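# Fold and contact review
As a plain string of letters, each chain reads:
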Amino acid sequence: MKVTSAEFVKSAELPEHYPPPELPEIAFAGRSNVGKSSLINTLLNRKKLVKVSGTPGHTQLINFFTVNDALSFVDLPGYGYARVPDEIRERWGPMIETYLAERPTLRGLVCIMDVRRGVEDDDMMLIESAPLFAVQPVLVFTKADKLKRNALRKRRRELADRFGVRPDDVLLFSSKTGLGRKELWDRIAQLTGVES
Ligand code: GDP
């Protein structure tokens, strides 16, 4: 995908503050510190459009971006960070659920996990909830540069078995090397109908 423009639109918590649902949308979710901001920046060929977190668990709003005036990207707040105050943690679930339920233009939910840690309970909860909102989950395992080639191949097979899919359907990604960027764009293009 040739990215000609990528702009931050706004941050919101409540549906009345979301931008109007005009473009096909892809949302990105994952545990705090998983590498979500880096992944979005890598997709968009931008260094710092999405702030790479110094303080995990700090981004507590839903951030909307417009890409090539054709697509909307949504950065959902990271979950699972132990040191987030209870009050913020309790707001996370309803904020995400409301977003998933109320966004008619949402075409895909990119669920980002760390290839070394694999799938954890809160990742699984999110992955399993996507179909309830008629949203297609896309499973992406990032920081793939941290595993050696053989370990990576083995991990991919394990993950494919766990989800009952083919190894090729488990997307491996690295923001450091760009591995998986094209495959993820192809998937996003397929889900949104934009040209890859
Ligand atoms: P977020 O909290 O999920 O948005 O995670 P960030 O994108 O802020 O990344 C968290 C940390 O992981 C940062 O120190 C990044 O430099 C690092 N990181 C993110 N993606 C990768 C990757 O693909 N490979 C490696 N080696 N490090 C990464």
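### Considering the sheet that holds strand β2 (residues 25-30)
- What the seven strands build is an open sheet, ordered β1-β3-β4-β2-β5-β6-β7; its pairing is mixed. Each edge of the open sheet carries a strand with a single partner, namely β1 (6-12) and β7 (171-172).
- Pairing of β2 with strand β4 (residues 71-75) involves four bridges; the strand directions are parallel. Of the residues in β4, the one forming a bridge with E25 is S72.
- Against the sheet, helix α1 (residues 36-44) makes contact with β1, β2, β3 (62-67), β4, β5 (106-114) and β6 (136-142), and its axis sits at roughly 145° relative to β2, the strand it touches most.

### As for the packing of aromatic side chains
- Going through the model one piece at a time under the given rule, you end up with six aromatic pairs.
- Centre to centre, the rings of Y18 and F64 are 5.4 Å apart; their planes meet at 45°, and the pair counts as tilted. Of this pair, Y18 sits in the loop between β1 and β2 while F64 sits in strand β3; the two residues are 46 residues apart in sequence, bridging distant segments of the chain.
- Under the relative-accessibility criterion, Y18 is labelled buried at 8%.
- Here a set of aromatic residues connected by ring pairs shows up, and it is made of Y18, F64 and Y99.

### Examining the environment of P94
- With respect to the element layout, P94 can be found in helix α2 (residues 86-102).
- Taking relative accessible area as the criterion, P94 reaches 46% and is therefore assigned partly exposed.
- Along the primary structure P94 and E13 are separated by 81 residues, whereas in three dimensions their C-alpha atoms are 9.9 Å apart.

### Overview of the packing of α1 against helix α5 (residues 181-192)
- For the pair α1 and α5, interaxial distance at closest approach is 10 Å and the crossing angle is 85°. By the angle between their axes, α1 is roughly perpendicular relative to α5. Of α5, the residues touching α1 (which contributes L39, T42, L43 and L44) are R181, L184, W185 and I188.
- A class-by-class count of the residues in the contact of α1 with α5 yields six nonpolar, one polar and one charged.

Cut-offs and rules
- Residues numbered from 1 in each chain as written.
- Predicted model: local features only at pLDDT ≥ 70, side-chain atom pairs only at ≥ 80, totals over all residues.
- Heavy atoms only, no water.
- Pairing = 2+ DSSP bridges.
- Helix = DSSP H or I, 4+ residues; strand = E, 2+ residues; numbered from the N terminus.
- Contact = heavy atoms within 4.5 Å.
- Axes fitted to C-alpha atoms, helices over the stretch in contact; angles between N-to-C directions.
- Phe/Tyr/Trp six-rings, centres within 6.5 Å; stacked < 30°, edge-to-face > 60°.
- Buried < 20%, exposed > 50% of the residue type's maximum accessible area, 1.4 Å probe, protein only.
- Parallel < 35°, antiparallel > 145°, perpendicular 65-115°, else oblique.
- Nonpolar A, V, L, I, M, F, W, Y, C, P; charged D, E, K, R; others polar.

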